[in-house]
Each structure stands twice: as structure tokens, then as C-alpha cells.
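Geometric and topological summary
These are the residues of each chain, in order.
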Amino acid sequence: MGDKSENKKFSHCNFFSKNNRGLMNKSGQVTIFIIIAIIIVAAGILIYSFYPQIKTSLGVQQQNPPSFIQSCIENDIKDAVNNLSNQGGSIVPDNFILYNNSKVQFLCYTNEYYRPCLIQQPMLKQHIESEIEKQISTNVDACFASMKNSYIKQGYTVDLISGSKTVELLPKRIVSTFNYSLTLTKGEDVKKYNSFVVLLDNNLYELVAIANSILSWVTTYGNVDVTTYMTYYHDLKVEDKSLSNGKVYILTDRNTGNKFQFAIRSQVWPAGYAIPLT
Amino acid sequence: MKREKIFLVFFLGIFLIGIVSASATCCEKTTGANPAWCQNVNDATQCNSAFRSISSPCESTSFCKLGTCINQQDGTCIPSTQTICEGNNGFWSSSQQDSLPQCQLGCCLIGDGASFVTQVACNKQISDYAVNGTFNANINDEQTCLAMANPQSQGACVYTDSNYQKTCSLTTKKDCQDKAKSSASSNVTFHDGYLCSAQELQDGCGKSTQTQCDDKGDVRFVDTCGNLANIYDSSKVNDENYWTHIQAPNCTPTNNPGNKDSATCGACDYYSGSMCKEKKAGDFINAGTLIGNNFCKNLDCVDYRGPYGINKSTATNYPRHGETWCATDSGTGYQLGLTISGTGDNLNAPGNNQFRLTCYNGEVTNSLCDSTRQEICSENYTTLNDSHKYYEANCKANLWQDCWNQTTQSDCEDINSRDCVWMGSNGYSFSGSGLIKTGVSGLCVPKYSPGFDRDPSNQVLGGASCQIASSTCYVMMVKIGTSDKWTCKPNEDSGLFNGFKSFTNNCSCVGGENNNDNGVAWGIQQNKICTQMGDCGNKTNYIGSFGYPTSQISTADSS
């Protein structure tokens, strides 16, 4: 191995002598070495300056496990929340009305004319939490598997034990907790994580509370005046869109733009003369 | 004979409806396109066979009886049936919400806010928001409760932080006492009613020219430490006293409630139509120099130029924040013409809808009353001190159903009972199956014609309304001598004519004796009644497409 290296060096020097560059070669070589040195230093500075971006683009970014999970699953949670918010809290609505190409779940429904509706989902908050859990469950497992592989590639011994996944709607945020146990070992270095929490800024908690209030009102009185809610809650926009077979209620937080829409069929008047049942 | 048939169908129809109502089936869950819990259906095959069903209305079944579903985690109560509630892990009680102690509402004061909820919900909110709170069961209306928000007095909490710097935060006495217990701060003292910017506190916080929106929607000065100070008043930006003690502003001008777009005062009022907002490019500010970057933004819909009242909204007459009003639509957008007393033809055109428009937070939104005019928009206004007509509108039920039953104008136009108008009848009145000639001068018709709908198979729903206003006139026409012209002779004994052996000839239907307009004038008159009953007769629709005549002339040759 040492010989090979020396040979290389030798042939390298020969290259200049073979081309008869003479003494000029000596000063020229110095110049070239200086230029090379400058290039190396400049390259070093550039790499140092843009290291995080380079790391990211090469996919070798070193993240701690909680950050890895947060960045891996955050968009999935956002997508799930957006879907659920447009579809009345259900991933796959079964009793729905079409509005702006979204299937909006009926949360209060009657198939009869004149009568107030009957609540179809009395535990709306818990239902949405469970739907988000279901929607992200597969990807959560994939994220943990991906993280495990990433650390194995970095020379860690990884011990990952799957646990429960919970999603909770809380004021101004959605908290997803994954009780996975992770132990990373590299030589003497042992790092242990018992749960991972992913936070998402979102007002779904508040919007669901308003939705429950509207549902409660509608099931008792048949209809609701949406301006009442805008009078009480200054940052809230409430719209009701009448369609042929029900109404879609759209709740929007004016500050954050967070939205929740759901459908109700209540106290419907028949066209022309009535028949008692549809 | 035809008349007899119509009567038969009508009474038979009522009979069948009675049978159907009595034989309703309650499905615990229905099947089909709209599977729903606890629905009454006509046809038992609509019930999902995996669930229970019974030939009885849902109200009288055990599994679909309405009770209260209690969410024991969140402390919320909502009317629900046992099946739905327990299927979603709720606790169901057959009692109504009002009679359940755990569902009694009270006032939950949490932090600076308040909410009208149950005690369990209050405890949950205190936990969710991670703030101190109390529950007051004696307050039993929401408005009183919300008005109690932020009841705790505040003051300057001066302390030495973990970096050994003396600093201050504006807080309540209790929060300051809690801070004293924390190891992260020392030398904690509370100065009730003082602002952190008070010079005498020597806490490193002072006056600034910055402002911020607070939770109540007011503009507040902010001190150099980032603490809220008093409400923004440009005349007091350098007033030591105003930066020392917590005090109310004295800057509200009488001619601008809520200080809309004010450059000088930050006492906003949501109910007067203003709320603290950050100033953005293009925002209008009244005369004066705005200090900081927040102001009481005018929430009125000043840029709206659609229908409003009896005119379009203008730069000087625009909807105020919180105002609601009515409009109708056409193929080109919202149209004017709908006022509380309006009954223009356009209101009754097939496809025409009535909307309730709403102005909130500077934005106009619309709400369709009902696509078949079973609900109509009703508006009223009050004149404000500045002469502005402030509209309030609602979608209300269109009470047209019993118009045709009314025989006097006073009963017909009793606005407390129905939405009908009295119109000239040309001697006809309703019989239940069509118009018959009785010689009366007027009849009662819907003020707002109900629209019809189509079912999924494109069949018209509600068209029976038209049947009530259908009319037939039998006329015997004769040709006299060698004339080719048909003429009407009154009181002819026709022998046999369409089943009637003798009758008084209805020459008025063809323009009178010795005349023949083919029933055109009579048809126009009858059409007026017919079109008023619904989307019936020859009618121009809401985008201006003309209808076509539906009158027919049938002839029976007796020669």
C-alpha cells in the first residue's frame, strides 16, 4: 500500500518534468498549490455555510428522535385534520351531502319533514380524535421504522417497542402522543425515549365545541341563527349553506383560518304539498 | 265525470296518507344512500337488517327513545338516543337534560375568560387550558356569565428573574403569589393597580410607542418589557400618570362609537362595529397620527356594493357590522326588490330564491332560505341616531299552505297566521280539486308562491299545488247558418255535451256571447291564479326564460 502511494507521488512529479516546464515549473507549482489551497478553503467555507441544507438534501440530517418523528408525521396529521374538518369529522362519511366536492357528514339527521333532527354523533370530539388516530396510524409506524433504520445506519443499536397512539384535541392545539419506547445505544452512549409528542397548532377543539352547541340547539329547536355565534365569538365566522337535502354549516376561525364543516338535515319543508315521510 | 275523478283521487290520497302515518317503522339504522340512526320510514325494507326495527314510531321504542347522552370525560350533555350514545361510549340517561344534575349549566371562570358549561366541563377546561378557574352554579344565563369574564384585578408583579435582573409582569395577585413560590424568581412583590411601566417601581420597564391588541379586542399600549399597559390614547403617550396606574381611557368621542378607524383612541367596541386589528396597507385611518401599528378597525361592510335595503349599497349607505337583510337572486346575481312588503313577480318566478345576507367583521355572507321557497326572508329595520336604517332579517317559514281555504280577505291577509294575498277571481273559487265557478269576487293565494323540487328520478315534487288551481270551462259553440264562425250562445240546451245534458253556457270563457277569442282572455285570468299557487302555469323563470301556455281546447262534436 505504501509503495503504491510513493509511485503515485513519483509519477505525479514526473508529469511536470516530462513536459519540460523547467524552473518556471517550480514557481508555477507554488502558484497552482496556492490556487488549489484557496479553492479548498473556499469550498470548506461554502460547505460550512450551507451544511444544514446540504445535509438535508443528502438525507443525512442528524435529528434527535422527537424531531425526526415530528417532521415525519406532522404533515400527515395536518392532512388528516384538513380532511376531517372538511368532511364533518369522518374519514369515510357514510351519510353525507356533497358540498364543493367534499362529502360532508350529517351530524344531525332526520329523513322526515318538519321535525328536528336527531344527533348522529353525540361524542364528536372523541370521534374526531379516534378518526385522526386511525388515519395516521400506518404512517406513524412507518415513521418509527424509518427512524430506526436511520439510526441503525449511523451505527446505533436500536431497540424500538411499539406502544399506544393517542390524539387529543386541546385548546388551540392538537396533541398526538405515541407511547413508543426507543433505546439508542452506541458504545457507552445510551439514549432512551419513552414517548413522543407531536404538537399541531389548530383550533379544532374550539370549533368542535361550537359545532356541538349548534347541534344541541338544532336537535331541540329545529334550526339555529348563526349570527348568534358570531355575536358571542368575535373571531368566529359561521355560515350555513342550504342545499336541496340539508344544510352545511361552516365554522371558520378568522385569525387562523382553521375550518370545520358539517351537515344537518333538520326541520325540512317539503316542496309544494307535503307527504309525511320521504 | 272528470271532475268526479279528481275528487276521488284527492280523497283517496288523504286516506292513504293516514294509513302510511299509522304504519311507520322505526329503524335503529337505515340502509341505502343516507344510512342514519333511529329514523321512521314508510317501508321496513329501508331498515338495516343487522340492527333492530319495529313497526312503531321511534319515540315509542326503547332503543330510539330520546334521552340525554352524557360525555363523562368532557362533561357535556346532548340530546340523544340510547343506541347512538352508548355506541359511542357515552353514558345515556332517559331523563331530559334539564332534570339531570350533572348537566346543569353554570359559569366557569377560567383565567381571564368565562364559559357557560357544566361543572365537569369546567374542570376539564381548567385542566385543558392549564389555568386557574372557578365554577359558579348560581349563574344560570350565558350573557351574565360571559359578562363576568376577567373579573380579577391586576397589578404589577415585580421580581428578580433567573438572570438576576429586576423585571415585572402585569398579572393578578394570585399569579404573582404563585410566582413567588417558584424557584425561578425571587424578591417578588405585587403592586395592585400599578402598571409595570410605573417609574417608581424601578423594574426596568418604561413607556413606549408600541401597541398591541388584547383579548377583549381593544388597542393597548405596551411597555418596554412587553407588558400590556392602558388602552391606547394618543394624547397620553407621554403622560406619566397614564403609564403608572391602571385606568380607563377618556378618549371616546361621542360621534364615533367604537372609535372606528380612529388614529387617536384604542377603546374598540365589537357591538358598535370595531375591533383591534393590525394596520395593513390600504387600511383607512381617520385624521390624526396613529402611534403604533394597531387600531380599532371598522367592521362595517363599507366596500360592499350589492343589494341592500331598497337600493344597492353605496359609499355612504352600507351595511353595518351585525346587520342582516334580504335579497333575491336571478341568473345574474342578487337582485333588488325584496322588501318586507314586496311581492314582485320576480319573487315568485320558478327558480327564484330568497337569501338572508349578513355583514360581520367587514364581510358579507349569504344564506339561502330554502331552495323551494318553503322558507322566505323577512326583514325589518330601525332607524339609528345617525339616520341609518339598520336592517334585521330572518328566514321564516312560508305559511302558504292554507291560503286556498280562506274565504274572506281579512282571514286571508292575517299576517300573524299566514302569508297570503287576496286577488280577483273572475267568479272562481277553490274547490279542493280545481277552480269552480261560484261567482265570488276574490280568492286567497300564496303571497310567495311555493317552488317545486325534483326527486332523484327527476319527478316533480309538490306539483299537487297546481291541481288546486286548475280550471276547466265547458262551452258549447255553434255555427249558425252557413257561417264558418263558431259562436257562443248562452242558455243553450245542448242535449248531450260531454256528459252534461243541459247547462248554462259559459260564454264568458270565450270572450262573451257571439264572440270567440278561443279562451285567451279567460286563460290569462286563470293563469294569474294558477301561477300564484306555485311553479304552475305559464310562467317566466328567474333567469327570464319564458314559459308556455298550458291551456288546452278540447272539442267534442255534437253534430
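Please refer to the structure placed before this passage.
Residues numbered from 1 in each chain as written. Chains lettered and ligands numbered in written order. Predicted model: local features only at pLDDT ≥ 70, side-chain atom pairs only at ≥ 80, totals over all residues. Heavy atoms only, no water.

1. What about the overall build of chain A?
Each helix and strand in chain A was counted, giving seven helices and 12 strands. In chain A, of all internal contacts separated by at least 6 residues, the share reaching a separation of at least 24 is 58%. About 14,500 Å² of surface is accessible on chain A, with carbon and sulfur atoms providing 56% of the total. (Helix = DSSP H or I, 4+ residues; strand = E, 2+ residues; numbered from the N terminus. Contact = heavy atoms within 4.5 Å. Areas by Shrake-Rupley, 256 points an atom, 1.4 Å probe, with all protein chains shown as cover.)

2. Focus: the packing of aromatic side chains
Applying the stated criterion across every chain, the model contains 24 aromatic pairs over all chains. Look at Y205 of chain A and Y129 of chain B: their rings are 6.2 Å apart centre to centre, the planes differ by 85°, and that puts the pair in the edge-to-face class. On the criterion of chain membership, the pair formed by Y205 of chain A in helix α6 (residues 204-221) and Y129 of chain B in helix α3 (residues 119-129) is interchain, its members lying in two chains. The class for Y129 of chain B is partly exposed, based on a relative accessible area of 33%. With a centroid separation of 4.6 Å and an interplanar angle of 45°, the aromatic rings of W217 of chain A and Y221 of chain A are classed as tilted. (Phe/Tyr/Trp six-rings, centres within 6.5 Å; stacked < 30°, edge-to-face > 60°. Buried < 20%, exposed > 50% of the residue type's maximum accessible area, 1.4 Å probe, protein only.)

3. Concerning the state of the cysteines
A covalent bond between the sulfur atoms of two cysteines is referred to as a disulfide. One pass over the structure, following the stated rule, counts 23 disulfides over all chains. Disulfide partner of C108 of chain A: C117 of chain A, at an S-S distance of 2.0 Å. Given an S-S torsion of about 95°, the disulfide between C108 of chain A and C117 of chain A has right-handed geometry. Note on cysteine connectivity: C69 of chain B is disulfide-linked to C85 of chain B, with sulfurs 2.1 Å apart. Taking the torsion about the S-S bond as the criterion, the C69 of chain B to C85 of chain B disulfide, at about 80°, is right-handed. Separated by 16 residues along the polypeptide, C69 of chain B in strand β4 (residues 66-71) and C85 of chain B in helix α2 (residues 82-87) bring together distant segments of the chain. With its bonded cysteines labelled in order along the sequence, chain A shows the pairing 1-4, 2-3. (Disulfide = S-S within 2.5 Å.)

4. Some remarks on the packing of helix α5 (residues 124-153) of chain A against α6 of chain A
All names here are of chain A. Taken N-terminus to C-terminus, the directions of α5 and α6 make an angle of 135°; their axes are 10 Å apart at the nearest point. By the angle between their axes, α5 is oblique relative to α6. Of the residues in α6, those touching α5 at L124, K125 and I128 are L204, Y205, V208, A211, N212 and L215. (Axes fitted to C-alpha atoms, helices over the stretch in contact; angles between N-to-C directions. Parallel < 35°, antiparallel > 145°, perpendicular 65-115°, else oblique.)

5. Side note on a nonpolar patch on the surface
A surface patch of nonpolar side chains, about 390 Å² in accessible area, is lined by I32, F33, I36 and I40 of chain A. Among the secondary structure elements, I32 of chain A is positioned in helix α2 (residues 24-49). (Patch = residues over 30% accessible without salt bridge, like charges linked within 9 Å, V, L, I, M, F, W, Y side chains within 5 Å. Salt bridge = Lys/Arg side-chain N within 4 Å of Asp/Glu carboxyl O.)

6. What to know about the interface of chain A and chain B
Each side of the interface is counted separately: chain A has 54 residues, and chain B has 69 residues. Taken together, the two surfaces of chain A and chain B that pack against each other cover about 5,000 Å², and 49% of this comes from carbon and sulfur. Linking chain A to chain B there are seven salt bridges. Two residues, K237 of chain A and E363 of chain B, come together in a salt bridge whose shortest N-O distance is 2.7 Å. Applying the counting rule to chain A against chain B returns 25 residue pairs in polar contact (both at pLDDT 80 or more). Secondary structure elements with two or more residues in the side of chain A that touches chain B: β2 (102-109), β3 (118-119), α5, β5 (165-170), α6, α7 (226-232) and β10 (236-243) of chain A. Looking at the side of chain A that touches chain B element by element, the count peaks at seven residues for α6 of chain A. (Buried area = accessible area lost by both parts, 1.4 Å probe. Polar contact = N/O pair within 3.5 Å; in protein donor to acceptor, adjacent residues only side chain to side chain.)

7. Section: the sheet that holds strand β6 (residues 173-178) of chain A
Residue and element names in this part refer to chain A. One open sheet holds the three strands; their spatial order is β5-β6-β9, and the pairing between them is antiparallel. Every other strand in the sheet has two partners, leaving β5 and β9 (196-201) as the edge strands with one partner each. Put simply, the sheet's adjacent strands are angled 15° from each other on average, direction ignored. Sheet topology places β6 next to β9; six bridges connect them, and they run antiparallel. Of the residues in β9, the one forming a bridge with F178 is F196. This element, helix α4 (residues 65-86), spans β6 and β9 of the sheet and lies at about 45° to β9. (Pairing = 2+ DSSP bridges.)

8. Structural notes on the nonpolar core
Formed by 63 residues in total, the largest nonpolar core has its most connected members in I69, F178, I214, L251, F260 and F262 of chain A. Counting 28 residues, the second largest nonpolar core, distinct from the first, contains C168, A229, I285 and I291 of chain B. (Core = buried A, V, L, I, M, F, W, Y, C linked by side-chain atoms within 4.5 Å.)

9. Describing the pattern of salt bridges
Oppositely charged side chains can pair when the atoms bearing their charge come close. One pass over the full model with this rule turns up 27 salt bridges over all chains. In this structure, E129 of chain A and K125 of chain A form a salt bridge, with 3.2 Å as the shortest nitrogen-oxygen distance. Of the two residues, E129 of chain A and K125 of chain A both sit in helix α5, four residues apart, roughly one turn of that helix. Salt bridges here are not isolated pairs; linked through shared partners, they connect K260, D300, R320 and D386 of chain B.

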